[in-house]
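Each chain, letter by letter, is given below.
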Amino acid sequence: LRGADDSGRGVLSLVPGKLFEVKQPIPLKEMRSRKVIFIDLAKNFYERHAISILSSVLESNGIASFYIKEKKFSDYLKKIKEINPDLLVYSCMSNNLHGYLEFDELVKKNIKVKSIIGGPGATFDWKIINEGTIDALCVGEGESAIIGHIRNGFLGNKNIICKGQNYPTEFFPL
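What counts as what
- Residues numbered from 1 in each chain as written.
- Predicted model: local features only at pLDDT ≥ 70, side-chain atom pairs only at ≥ 80, totals over all residues.
- Heavy atoms only, no water.
- Helix = DSSP H or I, 4+ residues; strand = E, 2+ residues; numbered from the N terminus.
- Buried < 20%, exposed > 50% of the residue type's maximum accessible area, 1.4 Å probe, protein only.
- Contact = heavy atoms within 4.5 Å.
- Polar contact = N/O pair within 3.5 Å; in protein donor to acceptor, adjacent residues only side chain to side chain.

(A) Spatial organisation of the overall build of the protein chain. When you go through the protein chain residue by residue, the secondary structure sums to 6 helices and 8 strands. Tracing the protein chain from N to C terminus, the helices and strands come up as β-β-α-β-α-β-α-β-α-β-α-β-α-β. Sorting the 174 residues of the protein chain into buried and exposed places 47% on the buried side. Taking the intrachain contacts of the protein chain between residues at least 6 apart in sequence as the baseline, contacts between residues at least 24 apart amount to 64%.

What follows is the structure in structure tokens.
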């Protein structure tokens, strides 16, 4: 793992051969104060492996990550307000995609926060970025993309579509 210096110059590399340049860099000192919450709305017991991997990548880059799985919307909202994150992250399957769209809309009526959705549901139905209030969507692998998205001030990056964009123009190789 390599990172830019504290001035924000340089290139981040999470995996050899998967480099991205920082467009509008946030200094690394400021990155260390960033907070991300993974929201899990799934009603099954399936282990969210992607969330564990992404959380590890974020933590290794100095970004605090939290995981919330509750039964009531009011409990989610209370915890989100307590943590006061910079970004909400949703990882979803196709069957609960619209549930995350509804959840994000309700959250944003109460809290000002950025959000991104990824996972198989978002990858296969990427046009949903034009619906609802979710700010960005990750197509495919997110390990390198999420760091670039945060580091660039929540702008589009490889594998990331922001609201108003049609499709990412570059992808990280698998």
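(B) Representation of the environment of Asp-40. Position of Asp-40 among the secondary structure elements: in the loop between strand E3 (35–39) and helix H2 (49–60). Expressed as a C-alpha distance, the spacing of Asp-40 and Tyr-76, which sit 36 residues apart in the sequence, is 9.8 Å. Ignoring anything within four residues of it in the chain, the contact list for Asp-40 reads Arg-48, Tyr-67, Ile-68, Lys-69, Tyr-76 and Tyr-100. A distance of 2.5 Å separates a polar atom in the side chain of Asp-40 from a polar atom in the side chain of Tyr-67.

(C) Representation of the environment of Lys-114. With respect to the helices and strands, the residue Lys-114 is situated in strand E6 (residues 114–118). Taking the C-alpha atoms as reference points, Lys-114 and Leu-88, 26 residues apart in sequence, are found 6.3 Å from one another. Non-local contacts of Lys-114, meaning those with residues more than four positions away in its chain, are made with Asp-86, Leu-87, Leu-88, Lys-108, Asp-135 and Phe-154.

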